[in-house]
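Residues per chain, in single letters:
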Amino acid sequence: MRQRLLKIFDILLETFGKRHWWPGETALEVIVGAVLTQNTSWKNVEKAITSLRSAGLLSVDRLYEVEDAVLARHIRSSGYYNLKTARLKNIVKVIHDEYMSSIEHLRNNGTSDLREKLLDIKGIGEETADSILLYALDKPVFVIDAYTKRFLANHGLYGGPYRYGDMQAFFMGNLPSDIYLFNEYHALIVALCQGYCLKSPRCGECPLKGQ
DNA sequence: CACCAGGCAAGTA
DNA sequence: TACTTGCATGGT
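(A) Up close: the overall build of chain A. Looking only at helices and strands, chain A has 12 helices and 0 strands in total. Moving toward the C terminus, one meets the helices and strands of chain A in the order α-α-α-α-α-α-α-α-α-α-α-α. Counting only C-alpha atoms and orienting by the principal axes, one finds that chain A spans roughly 55 × 40 × 30 Å. Here chain A, with 211 residues, has 29% of them falling under the buried criterion. Residue pairs in contact within chain A that sit at least 24 positions apart in sequence constitute 65% of those at least 6 positions apart.

What follows is the structure, encoded as C-alpha cells:
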C-alpha cells in the first residue's frame with residue numbers, strides 16, 4: 001500500500017503540479033485562513049484576509065484587541081461571520097494569553113500535546129487543528145477533509161471505517177512522516193476531486209484510472 | 001430558483 | 001455512537 005500511495009502521489013504531482021497551499025504567507029494568516037475556510041470556498045476567504053491585511057489587523061495583538069463587530073465586518077465575505085469572529089477570538093486569546101502572542105512559542109511548545117491544546121479551543125475541530133499543525137506550525141500530520149474521504153471511497157484504497165482518525169491513521173501508517181509530502185498530498189487530493197470527482201464526475205478521464 | 005464550498009458544536013435518539 | 005440542525009456569503 002505504501003508504494004501504491006506514493007505512486008498515486010507521483011501521478012497527481014505530475015498532473016496538477018505543486019499546489020502552493022499557503023506559501024509565502026505568515027503562520028498567523030494560515031491560522032486565520034484555516035478558521036475562515038470552514039465549509040466555505042477559498043475565494044470568499046481570500047477577500048476576508050485581504051480586508052484584514054489592508055486594515056492592519058493581521059497580528060495576534062491587533063486581533064486580540066479589535067472589537068467583535070469590526071472583525072465581523074472584515075470577514076463578512078467568508079460567511080458565518082459572527083460564529084467565525086468568536087472562533088478567531090478564541091484561538092487568538094490562547095496565543096496571546098499563553099504564548100505571549102508568539103506563533104513561534106506556540107510552534108515550539110513541546111511540553112503539552114499541541115493537537116489536544118488546539119482541539120480544546122471552541123471552534124477548532126480536527127480538520128482545522130490539523131491544518132494549523134501542518135500548514136502553519138510545520139508538524140507532520142495528515143489532514144483529512146470531505147475530499148479526502150471521497151478520494152478514499154472512490155478509488156478502492158481503503159474499506160473504512162470512514163471516521164477522521166481512522167482515515168488519518170491509514171495515510172500516516174502507510175506514508176513516511178514528511179511535512180512536504182503530507183502538505184502536497186492533501187492539496188493534490190483536493191485538486192483531483194475538484195477537477196474529476198465533484199459535480200458532473202469525469203471518472204473516465206481521471207488521471208488515476210487503473211491505479 | 002437550487003446547490004455547494006478546504007467544518008464545528010449542540011441537540012436528539 | 002450516529003444522525004440532524006444552525007450558521008451566511010458568494011459563485012455556478
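(B) How the structure looks around the nonpolar core. If you look at the biggest cluster of nonpolar residues, it comprises 47 residues, and the most contacted ones within it are Ile31, Val32, Val35, Leu88, Ile91 and Ile132. With 8 residues, helix 12 (residues 179-197) is the largest single contributor of residues to this core. Three or more residues apiece are contributed to this core by two domains, here domain 1 (2-20 + 142-205) and domain 2 (27-136). Contact partners of Val35, with chain neighbours within four places excluded, come to Lys84, Arg87, Leu88, Ile91, Gly123 and Thr128.

(C) Highlighting helix 3 (residues 42-54). Between its terminal C-alpha atoms helix 3 stretches 18 Å, which fits the 18 Å expected from 13 residues at 1.5 Å a residue. Those residues of helix 3 not exposed but buried are Val45, Ala48, Ile49 and Leu52. One side of helix 3 holds all its buried residues, which, seen down the axis, span an arc of 100°. Along helix 3, the residues that are exposed and aim more than 90 degrees away from the buried face are Lys43, Thr50 and Ser54. Residues of helix 3 that are buried make contact with helix 2 (27-36) and helix 5 (68-74).

(D) Broad picture of the domain arrangement of chain A. One can read the domain layout of chain A as domain 1 (2-20 + 142-205) and domain 2 (27-136). Centre-to-centre, using C-alpha coordinates, domain 1 lies 26 Å away from domain 2. Contacts between the two partners involve 7 residues from domain 1, matched on the other side by 6 residues from domain 2. Top element by residues in the side of domain 1 that touches domain 2 is helix 12. It accounts for 3 residues.

(E) Summary view of the protein's contact with DNA strand C. Around DNA strand C, the neighbouring residues are Asn39, Thr40, Ser41, Lys43, Asn44, Arg76, Ser77, Gly79, Tyr80, Tyr81, Asn82 and Leu83. For the surface near DNA strand C, the elements supplying multiple residues, two or more each, are helix 3 and helix 6 (81-98). The dominant element in the surface near DNA strand C, judged by the number of residues it contributes, is helix 6, at 3 residues. The class makeup of the residues in the surface near DNA strand C is 3 nonpolar, 7 polar and 2 charged.

(F) Representation of the protein's contact with DNA strand B within the structure. Near DNA strand B there are 24 residues, and of these Gln38, Asn39, Trp42, Gly125 and Thr128 occur at the shortest range. Elements with a minimum of two residues in the surface near DNA strand B: helix 9 (126-136) and helix 12. Within the surface near DNA strand B, the residues separate by chemical class into 9 nonpolar, 11 polar and 4 charged.

(G) Local environment of the environment of Ala48. Position of Ala48 relative to the elements: it lies in helix 3. Between the C-alpha atom of Ala48 and that of Leu36, which follows or precedes it by 12 residues, the distance is 8.3 Å. With near-sequence residues (within four places) excluded, Ala48 lies in contact with Leu36, His74, Ile75, Ser77 and Ser78.

(H) Unusual backbone geometry, seen in detail. Note the cis peptide between Gly160 and Pro161, where omega equals 5°. Structurally, Pro161 is set in the loop between helix 10 (146-154) and helix 11 (164-173). Of note, the phi angle at His20 is positive, near 55°, even though the residue is not glycine. Tracing the backbone through its elements, the reader meets His20 in the loop between helix 1 (2-16) and helix 2. Look at Ser101: it is not a glycine, yet its phi comes out positive at around 60°. Note on placement: Ser101 falls in the loop between helix 6 and helix 7 (103-108).

The rules we used
- Residues numbered from 1 in each chain as written.
- Chains lettered and ligands numbered in written order.
- Predicted model: local features only at pLDDT ≥ 70, side-chain atom pairs only at ≥ 80, totals over all residues.
- Helix = DSSP H or I, 4+ residues; strand = E, 2+ residues; numbered from the N terminus.
- Buried ≥ 20, exposed ≤ 12 C-beta atoms within 10 Å, placed from the backbone.
- Contact = placed C-beta atoms within 7 Å.
- Core = buried A, V, L, I, M, F, W, Y, C linked by C-beta atoms within 7 Å.
- Domains from an automatic or database assignment.
- Expected span 1.5 Å × (residues − 1).
- Arc of directions from axis to C-beta.
- Near = placed C-beta within 6 Å.
- Nonpolar A, V, L, I, M, F, W, Y, C, P; charged D, E, K, R; others polar.

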